[in-house]
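# Fold and contact review
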Amino acid sequence: MSTDQKSTRILARTFFTQLRASGYTPHQVIGIATELLELVTTDLREGGDKAAAAQATPESAPEWQQRA
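### Digging into the overall build of the protein
- For the protein, the helix and strand inventory stands at three helices and zero strands.
- Order of helices (α) and strands (β) in the protein, N terminus to C terminus: α-α-α.
- Split into buried and exposed, the 68 residues of the protein put 6% on the buried side.
- Total accessible area on the protein stands at roughly 6,100 Å², and carbon and sulfur atoms take up 58% of it.

What follows is the structure, encoded as structure tokens:
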């Protein structure tokens, strides 16, 4: 497993754990995951993938983003 895949998996597990610890039900977590997928799909359709890749630099990364 690549470092990128590993960090993605860790982020997803952390997000899931925090949601459950905050009282979200499994059904609500599924709703959140569905909404995230819809947002990504919309972004890809609008060509956001190219724009995001061009802007993704360590300096512009959000503070919450995990760094390798």
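### Side note on the confidence of the model for the protein
- Scored by pLDDT, the protein comes out at a mean of 83, with 71% of its residues at no less than 70.
- Across the protein, the element-wise mean pLDDT spans from 62 in helix α3 (residues 48–55) up to 97 in helix α2 (residues 26–45).

### Looking at the packing of helix α1 (residues 3–21) against α2
- Put simply, α1 and α2 touch, their axes get as near as 10 Å, and they point 135 degrees apart. Here α1 lies oblique to α2, going by the angle between them. The hand of the α1/α2 crossing is right-handed. Residues Phe 15, Phe 16, Leu 19 and Arg 20 of α1 lie in contact with α2, whose contacting residues are Pro 26, Val 29, Ile 32 and Leu 36.
- Of the residues assigned to the contact of α1 with α2, the class counts are seven nonpolar, no polar and one charged.

### A word on a nonpolar patch on the surface
- A contiguous nonpolar surface patch, about 270 Å² in accessible area, is contributed by Phe 15, Leu 36 and Leu 39.
- Among the secondary structure elements, Phe 15 is positioned in helix α1.

The rules we used
- Counting starts from 1 at the beginning of each chain's written sequence and moves along it residue by residue.
- Whole-chain, interface and lining totals are the exception, using all residues; otherwise, since this is a predicted model, local features are given only for residues with pLDDT of at least 70 and side-chain atom pairs are given and counted only at 80 or more.
- Here the side-chain values reflect all heavy atoms present in the structure, with hydrogen atoms and water set aside.
- Secondary structure elements follow DSSP: runs of H or I of four or more residues count as helices, runs of E of two or more count as strands, with numbering from the N terminus.
- Burial here depends on accessible area, computed with a 1.4 Å probe over protein chains only, as a share of the maximum for the residue type. Under 20% is buried, over 50% is exposed, and the range in between is partly exposed.
- Residue burial considers only the protein chains on display, and all accessible areas are found by Shrake-Rupley using a 1.4 Å probe.
- On a scale of 0 to 100, pLDDT captures the predictor's confidence in every residue.
- For helices, the fitted axis covers only the stretch in contact; all axes are lines through C-alpha atoms, and the angles between them, taken along N-to-C directions, range from 0 to 180 degrees.
- In this scheme, roughly parallel covers angles under 35 degrees and roughly antiparallel covers those over 145, while 65 to 115 is roughly perpendicular and the rest are oblique.
- When the near helix sits turned anticlockwise from the far one by under a right angle, the crossing is termed left-handed; a clockwise turn instead gives a right-handed crossing.
- The criterion used for residue contact is that any of the two residues' heavy atoms lie within 4.5 Å.
- By the convention adopted, Pro, Cys, Tyr, Trp, Phe, Met, Ile, Leu, Val and Ala count as nonpolar, Lys, Arg, Asp and Glu as charged, and the other residues, Gly among them, as polar.
- Patch definition: residues above 30% relative accessible area lacking any salt bridge, with like charges linked at up to 9 Å and the nonpolar side chains Val, Leu, Ile, Met, Phe, Trp and Tyr linked at up to 5 Å.
- The salt bridge definition used is simple: a Lys or Arg side-chain nitrogen within 4 Å of an Asp or Glu carboxyl oxygen.

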